[in-house]
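# Remarks on the overall topology
Read off the chains here:
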Amino acid sequence: MSSPTKAPLSGTPLLRTPRLLLRGLRPSDAPAVAEGSGDIRVAQFLTDVPTPYPVEMAAQWIMRRIERGAIGRGPTLAITLVDEGPYGHTLGTVALRIHKRDQRAELGYWLCADAWGQGIATEATHALTTWGFGTGLAKIYARVIAGNAASVRVLTKIGMRQEGLLRNHLRKGNKLLDVLEFGVLASEWPPRDK
Ligand SMILES: CC(C)(COP(=O)(O)OP(=O)(O)OC[C@H]1O[C@@H](n2cnc3c(N)ncnc32)[C@H](O)[C@@H]1OP(=O)(O)O)[C@@H](O)C(=O)NCCC(=O)NCCS
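Residues numbered from 1 in each chain as written. Predicted model: local features only at pLDDT ≥ 70, side-chain atom pairs only at ≥ 80, totals over all residues. Heavy atoms only, no water.

### Focus: the site of the ligand
- The immediate surroundings of the ligand are formed by 22 residues, with G117, T122, N148, R153 and K157 found nearest.
- At a separation of 2.8 Å, a nitrogen atom of the ligand approaches a polar backbone atom of Y109.
- G119 has a polar backbone atom sitting 2.8 Å from an oxygen atom of the ligand.
- Here the ligand has 960 Å² of accessible area as a free molecule, and 71% of this is covered by the chains.
- Judged by the fraction of its atoms near the pocket grid, the ligand is located in the largest pocket. (Near = heavy atom within 4 Å. Polar contact = N/O pair within 3.5 Å; in protein donor to acceptor, adjacent residues only side chain to side chain. Areas by Shrake-Rupley, 256 points an atom, 1.4 Å probe, with all protein chains shown as cover. 1 Å grid on protein atoms, 1.4 Å probe; cavity = no way out; pocket = protein on both sides within 12 Å on 5 of 7 lines; lining within 4 Å. Sits in = over half its atoms within 2 Å of the grid points.)

Shown next, in the form of structure tokens:
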């Protein structure tokens, strides 16, 4: 049986890691979100992002995410380099979608292709997962389109394990794709040998 909630599941944190500053999204992030996540190399692994991604649509997405954070349903944070200060360029986003009743949250993230391969997503997802467990969540999980090896690696590196395979679960274009489910429990955090 999980322990009861320790603190209200709300708010949009400002998180610092050795290299990153993770801060709440702003309307001015729309061009970076449109360009970065609308890139087909990124969008192919996201559920509902078009290529090209119009800036106006990205601006609406940002407003929905700001509202979601404000009502305690989970933060969406811009991933920036700490060296660039509070107005650094947005390289990607990392988010939790909180299901309060069940004390669980779904982790979602993307990073612009120019910044891949430097451990940035691992650092960002680890930091937000730690924050999430600090708020009293009992479980954090993620869903990955089968074949997204980099994302599977990120989740494995932060200590999640595969829990399931959902066959033909997601439509992208005219194809139904398999989806992998990963998760980690509060009782398993932080992972011992990571
Ligand atoms: C998934 C994503 C966020 C990873 O970002 P990143 O900052 O490059 O990730 P990291 O550098 O922290 O870690 C990536 C790991 O995957 C590995 N990797 C990358 N491509 C790989 C591939 N094709 N096959 C196997 N491993 C791969 C890297 O070597 C690295 O592992 P390592 O540290 O053991 O060497 C980025 O690729 C992305 O935005 N992809 C598109 C959107 C997406 O998939 N979002 C997640 C949806 S669930």
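### Quick notes on the pattern of salt bridges
- Under the definition given, this model contains eight salt bridges.
- For R101, the salt bridge identified is with D102, shortest N-O distance 3.0 Å.
- Look at D102 and you get partly exposed, because its relative accessible area is 33%.
- The salt bridge involving E181 is made with R143; its shortest N-O contact spans 2.6 Å. (Salt bridge = Lys/Arg side-chain N within 4 Å of Asp/Glu carboxyl O. Buried < 20%, exposed > 50% of the residue type's maximum accessible area, 1.4 Å probe, protein only.)

### Topic: the confidence of the model for the chain
- Chain-level pLDDT for the chain is 94 on average; 94% of the residues reach the 70-or-more range.
- Segment residues 1-8 is flagged for pLDDT under 50; beyond a separation of four residues in sequence, or across chains, it makes 11 contacts in the model. (pLDDT = per-residue confidence, 0-100. Contact = heavy atoms within 4.5 Å.)

### A short note on the nonpolar core
- With 46 residues, the main nonpolar core has L22, V94, L107 and M160 as its most contacted residues.
- When residues in this core are grouped by element, the largest group, seven residues, is from helix 4 (residues 120-134).
- With residues near it in sequence (within four places) discarded, L107 still touches V94, A95, L96, T125, L128, T129, I140, Y141, A142, L155, I158 and M160. (Core = buried A, V, L, I, M, F, W, Y, C linked by side-chain atoms within 4.5 Å. Helix = DSSP H or I, 4+ residues; strand = E, 2+ residues; numbered from the N terminus.)

### Things to note about the packing of aromatic side chains
- Overall, the coordinates contain one aromatic pair when judged by the stated rule.
- Considering the side-chain rings of F133 and W189, the 5.7 Å spacing of their centres and the 45 degrees angle between planes classify their relative orientation as tilted. Taken together, the residues span a long stretch of sequence, with F133 in helix 4 and W189 in the segment after strand 8 (175-185) at a distance of 56 residues.
- Taking relative accessible area as the criterion, F133 reaches 6% and is therefore assigned buried.
- Given a relative accessible area of 13%, W189 falls into the buried group. (Phe/Tyr/Trp six-rings, centres within 6.5 Å; stacked < 30°, edge-to-face > 60°.)

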